[in-house]
Amino acid sequence: LFMSGLDGLYSPTQKGHIKDAGLWVRANTVPTATLFSIDPLVLYYAKKSLGPPYTRYNWQQTLDLITSKGWVSYDYLALRLRREDSEKEASLVTQIGSAPITSFANRKGDKVLIFKVAEDSDFDRTRR
């Protein structure tokens, strides 16, 4: 029952946007592309690892990664925002320097924003 619930994400959970974001990443990126996300469901559907080694990130770690420019060591970012975090979206776009390439939302306003990290970033991407 749990696995069918996880795989199907029964609609009353309002998490279809998370599954859609992960599936989009899987369909639109090469298998070797790196992804930063604090949401394990996005990573699961994207078929990406949770990070070195099996790190569980939280929102503060995400903010630290963004402000330190550590995000440029990834190919993509999938950032989940809850409806009460709407003011964080503008701040993320400003700090990253570009709008998300796509986003997925549920009817309550929760979102997953997907950013592609620019190839010509002036930050050292060899830190991977």
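If you're wondering where the values come from, they're calculated on a predicted model, not measured in any experiment.

Please give an account of the pairing of strand E2 (residues 76-81) that cites residues and values.
Taking burial as the measure, the six residues of E2 include six buried ones, the bulk of the element. Residues Tyr 76, Ala 78 and Arg 80 point to one face of E2 and Leu 77, Leu 79 and Leu 81 to the other, with burial holding for every one of them. As judged from the two bridges shared by strand E1 (residues 35-36) and E2, these two strands associate in the parallel manner. The residue of E2 that forms the bridge with Leu 35 is Tyr 76. The pairing of E2 with strand E4 (residues 111-116) spans six bridges and is antiparallel. Bridge assignment links Leu 79 to a residue of E4, and that residue is Leu 113.

Give me the environment of Asn 58: which residues, what numbers.
As for its position among the elements, Asn 58 is in the loop between helix H3 (40-46) and helix H4 (59-67). As for Asn 58 and Ile 38, which are separated by 20 residues in sequence, their C-alpha atoms are 6.1 Å apart.

So what's going on with the side chain of Asp 110? Residues and values would help.
If you trace the backbone, Asp 110 turns up in the loop between strand E3 (102-105) and E4. Within the structure, the side chain of Asp 110 is placed 2.7 Å from the backbone nitrogen of Arg 83, a separation counted as a polar contact. Among residues more than four places away in sequence, those in contact with Asp 110 are His 17, Leu 81, Arg 82, Arg 83, Phe 104 and Ala 105.

Give a description of the pairing of E4 that names residues and reports values.
Where E3 and E4 come together, four bridges link them in antiparallel fashion. Counted as the bridge partner of Thr 102 is Ile 114 from E4. Where E3 folds back onto E4 in an antiparallel hairpin, the turn is made up of five residues, including Gly 109, whose phi is positive at roughly 100°.

So what about H4? Which residues, and what values?
For H4, the complete set of buried residues consists of Trp 59, Thr 62, Leu 65 and Ile 66. The arc that holds every buried residue of H4, seen down its axis, measures 115°, which confines them to one face. On its buried face, H4 is in contact with E1, E2 and helix H5 (86-96). One or two steps after H4, the chain reaches Lys 69, where phi turns positive at roughly 65°.

About the thresholds
- Residues numbered from 1 in each chain as written.
- Predicted model: local features only at pLDDT ≥ 70, side-chain atom pairs only at ≥ 80, totals over all residues.
- Heavy atoms only, no water.
- Buried < 20%, exposed > 50% of the residue type's maximum accessible area, 1.4 Å probe, protein only.
- Helix = DSSP H or I, 4+ residues; strand = E, 2+ residues; numbered from the N terminus.
- Pairing = 2+ DSSP bridges.
- Polar contact = N/O pair within 3.5 Å; in protein donor to acceptor, adjacent residues only side chain to side chain.
- Contact = heavy atoms within 4.5 Å.
- Arc of directions from axis to C-beta.

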